[in-house]
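# Fold and contact review
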Amino acid sequence: MKIHKSQVEMNTGFISKRSTVKTLLSFVLSIFLAWQGFANTNLQQSLSVDYENAALIDILNDIKLRSNYKFFYDVNEIEETRKISVKAENLAFEDILKEIGAKANFDYAFNGDQVVLTAAVNPVAITEEVIQDRQVTGTVVDKDGNPLPGANIVVKGTSIGAQTDFDGNFSLQVPEDKSILVVSYVGFKNEEVNVDGKSSVEVQLKPDAGQLDAVVVVGTRGKPRTSFDSPVAVDNFKTSELEKTGRPAIDQQLMMRVPSYNATEQPVSDAAAHFNPADLRGLLPSRTLVLVNGKRKNVSALVYSYVTAGRGEVGVDMKAIPSAALESVEILRDGAAAQYGSDAIAGVINLVMKKEVDPFINTNFSTTTRGDGEMYQLESGFGIDLGPKGYANFTLSHMESQTTQRAGEITSLEDEANYWGVTDNTAYNTSDLRSFLDRNPSAGFQVGLPESQITNFAYNVGFELDEESQTEIYSFGTLTNREGSAPQFARVPYWVSGFQAIYPDQDFFLAKMAPHIKDHTFALGLKTTYNEWNFDLSSTLGKNRIDYYIKDSFNQSFGGSSPSDFYNGAHQFSHVVNNLDIDRTFYDTGLEALTLAFGVEQRTERYVTEEGEFASYGDGTPNDPTDRTGSESFGGFSPENVSDNYRSNFGVYTDVTADFTESFLVSGALRYENYTDFGSNVSWKLASRVKTLDDKLVFRGSVSNGFRAPALHQIYYTATTTTLTVNGVQQNGILDNKNPALRALGIPELDAETSFNLSGGMTYRFSRNSGITIDAYQIDVDDRIVLSGQVTATGDPNSPIDQTLSSVGVGSAGFFLNAIDTRTQGIDIVYSYNNIEIGRGFLSGSIAANFNKTEVQSTNFPSFIENNNLGDDLFSREDVSRVETWRPRQKIIGTASYEIDKLTANLSLMYYGSVTYRHPTNPVDDATYGGKTLTDLSFNYAFTDKINFTLGVNNLFDVFPDTFAEAYAGRGGHPQDRNLDFVGRFKYPWQTTQFGIDGARIFSQLNITF
């Protein structure tokens, strides 16, 4: 370590006076350039001290208050409880520091107004036998090329060392028979450097993924903070930690680690079977903003129109980013519309991409214990240096998965016959039905995961154009192509007749939704610094396109000339986002720090609906009003559905954070946005944080309002789908919000949702290796946009309802409207522990929980709806429960990893609370599905530093949700409304799924780096 002048004079005679003076002059010059003489003035400040048998930490705290200097040190190196005595009258600050250091056994270096303390070099160890034969100089930087002042450099096997200066530079004499330097810095992994034959080196330290206080970027535009001292709740997950779940995609990885995050796979739900509606804090997908490297990610082109959790919502396709391309995932669990704009009511997820990585190949294979649902994933990538501070990282991922089958069986021949109107006297009679069910107990139904193939490519590139101004050009992007095949409702001969004309040897046909999904992101930007102001100018293009194909289907109106495969059209959403962000942190305002940020954002969005082929929507026998038209399970988009819609918005924001002291800060943000389709909005946010008990205990809180603009999808989406309703299987239409027919029903055009967020919490660090965060929140959302239930015909041809439905050619119709006001209350608790030494190994993990409750406070229906008693049709008891109780109100996750030598054991326990279904009209059919605990267990063995293998089991004890038979055990084992279980075809609840219906799954992973 660096030996200061005073210590050399007292303890050694081996370092020459000339070398000492040179070192001191270099140190003073660096301080002068960095702080323009400020620090030198304070060095000469005279102090009087009188400490008698006082703890070192108390002495340092007292001096900090009296000298304007702060102290930085590793508690594992400096014995802060050590008792010493020091007395001085009007002595210079540095002279007092020398005396304290001599008694407390530490060295020191100045970094601006910060004093970095390190364990003192033992002068006894510096003897004539250690001959310093050659000088080695170098620089220590982080992964972004920023210097690390105060880093320790020690010649391995000796006590010879040095410490980096303000610019990260060091110099030391290395004995002739030694060649390894050990470089260390708090928060980074130690690095061993071979300097054999070298006189100069640059050492780049990597962040320690095991650090409890991981620095986060989301939620602040200035000084980075850790998850423990942020004024709002923020999580930071390294992807290496997420990969321990054994899940191949980032959405399911987060599901297994973040209690307030839900992304449940939905079986038999049209195109939504290929997407997992993901939400944060129980507020469903539309209210969580997703960023990639801090830039807005485009949402999917899909509207979740099916009657499952997330109905009517729009969200980001989380499968579009390969987890292997990510360094970490940051989750801001607080309203942030004032900082980031629309959609950030529940919070923000920031996907941080890797900048550089050694070449690697990862493989992942899994299968259920029932022998189906095989998944195979192959990932590969590499990083390269582009100049001294440039980087490039590339990742390619391919995943294939097969279907699972978890369908139930028809529970009653009588109920099945009654459901479809089959009697002894119908063409297809009860004898035919009995014979059919003997051959096909599930009536041809298939329930489970879809077949899927996903190919992802991602890159992240940056190149420094000018070192002095830190000017960097950067770009990142992702390319995703996904195909799949999800079974829909099986068509049986007593539901759809005539299919034998194209399926002559089949009892039934099973239509499959087989979309082709493409999701592309491309960003280009320029960063620079001028007069200490940071500028970031960027443009981001994002697009998601879904081409809908139906395979193995049938258009009854075409009879024997019907195709079996159909192209049903396409949805496409794209945006272009242009940002200019400017920020600067001031340290000379009389405050600890003052960060000022402001910027502008311009965004253009486009939503397109393209028609399908005629057979997918057309009527092959227009003179026959009795036959069914369109491809079964999902009718194609007709020319009347075609649309091409644009809008743009412009926003400006300012964000100020004042660190009044090291312990107390206040931040505020203000944002104005104007949309071309519905007008403007102003959002604001205030947050504060106070540290106490030597920075171990932190209190924090925030208050904000926010908004969410109606998605273009929700304004212009229109389609016809087949679904289960209280009136049986029906063709239901969804009318676009601009449709003049809705004005006849008094339905207004969509407006923005508005929110009011309150949060408060505390964090406490028990030690460097363990801590807890507790955050409570309340989120009020007014004018919340929902997809209504179906308005059905009254039978009166003069009724405006019947006339409206007749004009669009459906038996019932739904639409989007600002229908409800909700309140969500909850609490997040996260206890983390890291590298706890137990026996020969180290234990790490966390216990995290989310408890939440959402209530519909009121409904907002137009007078026409109220006057015609249509309120229950638009938003029934079922719709209320979808918002309030279809997601678990409790979710608790406990994880533990025990590492001993090359073996690591990982254990996870995940408790999903109960969910409740309420029937639209009949409370007798309400049901609660009980809470369940799932167990994951895996073992990882590192054969070498480059090769490791993992074998594990997800859902070790093969736990499933409650079945319909269990939920309705007191009511005959099934609901009265057989639409709920489709007369037994569904064994498990498909509307309120808590965690999927795979059962136990065995997985293996092999990771190789080069």
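It should be emphasised that the depicted structure is a prediction, and the values quoted were computed from it without experimental measurement. The numbering scheme is per chain: residues are counted from 1 as the chain's sequence reads. The predicted nature of this model means local features are confined to residues of pLDDT at least 70 and side-chain atom pairs, given and counted, to a pLDDT of 80 or more, with totals for whole chains, interfaces and linings taken over all residues. Only hydrogens and water are set aside; all other atoms, that is, all heavy atoms of the structure, feed into the side-chain values.

Next up on the list: the side chain of serine 562. Strands are runs of DSSP state E lasting at least 2 residues, helices are runs of H or I lasting at least 4, and numbering of each runs from the N terminus. By the element assignment, serine 562 lies in the loop between strand 29 (533-551) and strand 30 (566-586). Only protein chains enter the accessibility calculation, which uses a 1.4 Å probe; a residue is then buried when its area is under 20% of its type maximum, exposed when over 50%, and partly exposed in between. A relative accessible area of 8% means that serine 562 is categorised as buried. For serine 562, the side chain forms a polar contact with the main-chain nitrogen of asparagine 555, separated by 2.9 Å. Pairs of N or O atoms within 3.5 Å make up the polar contacts considered here, provided that, within protein, one atom can donate a hydrogen while the other can accept it, and that residues adjacent in sequence are counted only when both atoms are side-chain atoms.

It is possible for side chains of opposite charge to pair when their charged atoms get near one another. A pairing counts as a salt bridge when a side-chain nitrogen of Lys or Arg comes within 4 Å of a carboxyl oxygen of Asp or Glu. Following the criterion strictly, the structure yields 50 salt bridges and no others. Residues arginine 333 and aspartate 828 are paired through a salt bridge, measuring 2.9 Å at the closest nitrogen-oxygen approach. Of the two residues, arginine 333 is situated in the loop between strand 20 (326-332) and helix 8 (337-340) and aspartate 828 in strand 42 (residues 816-838); the sequence distance between them amounts to 495 residues. For aspartate 828, a relative accessible area of 3% gives the class buried.

To continue, consider the nonpolar core. Here, the term nonpolar core denotes a set of buried Ala, Val, Leu, Ile, Met, Phe, Trp, Tyr and Cys residues that are joined through side-chain atoms within 4.5 Å. Judged by nonpolar contacts, the single largest core of 69 residues is most densely connected at Leu254, Tyr261, Val329, Ile331, Leu351 and Phe816. No other element matches strand 39 (residues 770-787), which puts five residues into this core. Only heavy atoms matter for contacts: two residues are in contact if any of them lie within 4.5 Å across the pair. Every residue in contact with valine 329, bar those within four places of it in the chain, is listed here: Asp235, Asn236, Phe237, Leu242, Ile250, Leu254, Ile349, Asn350 and Leu351. Core analysis: the second largest hydrophobic core is formed by 42 residues, Ala417, Ala443, Ala927 and Tyr968 among them.

This paragraph deals with the sheet that holds strand 6 (residues 134-141). On the basis of which strands lie adjacent, the open sheet formed by three strands has the order 9-6-12 and mixed pairing. Taken across any chain shown, the strands that pair with only one partner, and hence form the sheet edges, are strand 9 (169-174) and strand 12 (200-204). For this sheet, the mean angle separating the axes of adjacent strands, direction not counted, is 30°. A pair of strands is considered paired only if DSSP assigns at least 2 bridges between the two. Note: strand 6 against strand 9, six bridges, orientation antiparallel. Pairing of valine 136 across the sheet is with leucine 172, part of strand 9. Fitted lines through C-alpha atoms serve as axes, helices being fitted only where they are in contact, and the angles separating the N-to-C directions of these axes extend from 0 to 180 degrees.

Before going further, it helps to examine the sheet that holds strand 21 (residues 347-353). One open sheet holds the five strands; their spatial order is 15-20-21-18-19, and the pairing between them is mixed. Across the chains shown, the open sheet's two edge strands, defined by having one partner strand only, are strand 15 (234-238) and strand 19 (295-296). Of the strand pairs in this sheet, strand 18 (residues 288-292) and strand 19 are connected by two bridges, and their pairing is antiparallel. Bridging from a neighbouring strand, valine 292 pairs with lysine 295 of strand 19.

When pLDDT is averaged across the protein, the result is 86; 90% of the residues are at 70 or more. Along the chain, pLDDT gives the predictor's confidence residue by residue, from 0 to 100. A low-confidence stretch, residues 1-41 (pLDDT under 50), is modelled with 57 contacts involving residues beyond four sequence positions or located in other chains. Taken as a whole, residues 123-132 scores under 50 in pLDDT and shows 16 contacts with residues more than four places along the chain or in a different chain.

With that settled, consider the pairing of strand 25 (residues 451-466). The pairing of strand 24 (residues 391-401) with strand 25 spans eleven bridges and is classified as antiparallel. When the bridges of strand 25 are listed, serine 401 appears paired with serine 452. Two strands pair when backbone bridges link them, and strand 25 and strand 26 (residues 471-491) are joined in this way by 15 bridges, in the antiparallel orientation. The residue of strand 26 that forms the bridge with glutamate 464 is glutamate 472. Adjacent in sequence and paired antiparallel, strand 25 and strand 26 are bridged by four residues, among which glutamine 470 carries a positive phi angle near 55°.

The next point concerns unusual backbone geometry. Residue leucine 284 is not a glycine yet carries a positive backbone phi of 65°. Note on placement: leucine 284 falls in the loop between strand 17 (278-280) and strand 18. Judged by relative accessible area, which is 4%, leucine 284 ranks as buried. Unlike most non-glycine residues, aspartate 343 shows phi in positive territory, near 90°. Looking at the secondary structure, you find aspartate 343 in the loop between helix 8 and strand 21. For aspartate 343, a relative accessible area of 14% translates into the label buried.

Another aspect to go through is the packing of helix 9 (residues 413-420) against helix 10 (residues 430-439). Running from N to C, helix 9 and helix 10 point in directions that differ by 125°, and their axes come no closer than 11 Å. In terms of axis orientation, helix 9 runs oblique to helix 10. As helix 9 runs across helix 10, the sense of the crossing is right-handed. Note on element contacts: helix 10 touches helix 9 through Thr430, Leu433, Arg434 and Leu437, opposite Leu413, Glu416 and Ala417. Think of it as three bins: nonpolar holds Ala, Val, Leu, Ile, Met, Phe, Trp, Tyr, Cys and Pro, charged holds Asp, Glu, Lys and Arg, and polar takes everything else, Gly as well. Classifying every residue of the contact of helix 9 with helix 10 gives four nonpolar, one polar and two charged. Roughly parallel means an angle under 35 degrees; roughly antiparallel, over 145; roughly perpendicular, 65 to 115; everything else is oblique. Put simply, a crossing is left-handed when the front helix is turned counterclockwise from the back one by less than a right angle, and right-handed when it is turned clockwise.

Counting buried residues in strand 21 gives six out of seven residues, a clear majority hidden from the surface. Sheet analysis places strand 18 next to strand 21, joined by five bridges and oriented parallel. Paired with leucine 289 across the two strands is valine 348, which belongs to strand 21.

Side chains of Val600, Phe650, Val652, Leu670, Tyr672, Val682, Trp684, Leu686, Phe756 and Leu758 sit close together on the surface and give an oily, nonpolar patch of about 810 Å² of accessible area. If you list the elements that add at least two residues to the nonpolar patch, you get strand 32 (643-659), strand 33 (664-675), strand 34 (679-692) and strand 38 (753-767). Take the nonpolar patch: its biggest share by element is three residues, from strand 34. Take leucine 686: it is sitting in strand 34. The partly exposed category is assigned to leucine 686, whose relative accessible area is 46%. Only residues whose relative accessible area exceeds 30% and that take part in no salt bridge are eligible for patches, with like-charged residues grouped when within 9 Å of each other and nonpolar side chains (Val, Leu, Ile, Met, Phe, Trp, Tyr) grouped when within 5 Å. Only the protein chains shown count as covering a residue, and every accessible area follows the Shrake-Rupley method with a 1.4 Å probe.

Counting through the fold element by element, serine 876 comes out in the loop between helix 16 (871-874) and helix 17 (877-884). Take serine 876: its relative accessible area is 9%, and that puts it in the buried class. Remark: the alpha-carbon pair of serine 876 and histidine 919, spanning 43 residues in sequence, is separated by 8.4 Å.

Moving on to the environment of glutamine 204. Mapping glutamine 204 onto the fold places it in strand 12. Residue class for glutamine 204 comes out partly exposed when judged on its relative accessible area of 31%. Distance from glutamine 204 to aspartate 142, taken between C-alpha atoms, is 5.4 Å for residues 62 residues apart in sequence. Residues within four places of glutamine 204 in sequence aside, it is in contact with Val141, Asp142, Lys143, Glu191 and Glu356. Here the side chain of glutamine 204 touches aspartate 142 through a polar contact of 3.5 Å, landing on its backbone oxygen.

An α-helical turn contains 3.6 residues, so any two residues separated by three or four positions project in the same direction. Here, expected helix span is obtained from the residue count minus one, scaled by 1.5 Å. Helix length check: helix 5 (residues 93-104), at twelve residues, gives a terminal C-alpha distance of 16 Å against a target of 16 Å (1.5 Å per residue), a fit within 8%. Of all the residues in helix 5, the buried ones are Phe93, Glu94, Ile96, Leu97, Ile100, Gly101 and Ala104. For helix 5, the buried positions fall inside an angular range of 155° around the axis, keeping them on one side. Count one or two residues on from helix 5 and you reach asparagine 105, which has phi positive near 65°. The directions from the helix axis to the C-beta atoms are what the arc is built from.

For the rest of this paragraph, the subject is the packing of helix 4 (residues 56-67) against helix 5. Across the interface, helix 4 lies against helix 5 with an axial gap of 12 Å and an inter-helix angle of 170°. By the angle class used here, helix 4 and helix 5 are roughly antiparallel. From helix 4, Leu56, Ile59, Ile63 and Ser67 reach across to helix 5, where they touch Phe93, Ile100 and Ala104. Residues belonging to the contact of helix 4 with helix 5 are distributed by class as follows: six nonpolar, one polar and no charged.

The next point concerns the environment of asparagine 868. Assignment of secondary structure puts asparagine 868 in the loop between helix 15 (863-867) and helix 16. Under the relative-accessibility criterion, asparagine 868 is labelled partly exposed at 36%.

This paragraph deals with the packing of aromatic side chains. Each Phe, Tyr or Trp ring, with Trp reduced to its six-membered ring, pairs with another whose centre is within 6.5 Å; inter-plane angles below 30 degrees give stacked pairs, above 60 give edge-to-face pairs, and intermediate values give tilted ones. What the rule picks out here adds up to 40 aromatic pairs. With a centroid separation of 5.4 Å and an interplanar angle of 35°, the aromatic rings of phenylalanine 382 and phenylalanine 394 are classed as tilted. In this pair, phenylalanine 382 is assigned in strand 23 (residues 375-385) and phenylalanine 394 in strand 24, connecting sequence segments twelve residues apart. Directly above the ring of phenylalanine 982 sits arginine 985, whose terminal nitrogen or CZ lies 4.3 Å from the centroid. As a reminder, the over-ring test applies to NZ of lysine and CZ of arginine, requiring each to be within 6 Å of the ring centre and within 35 degrees of the ring normal.

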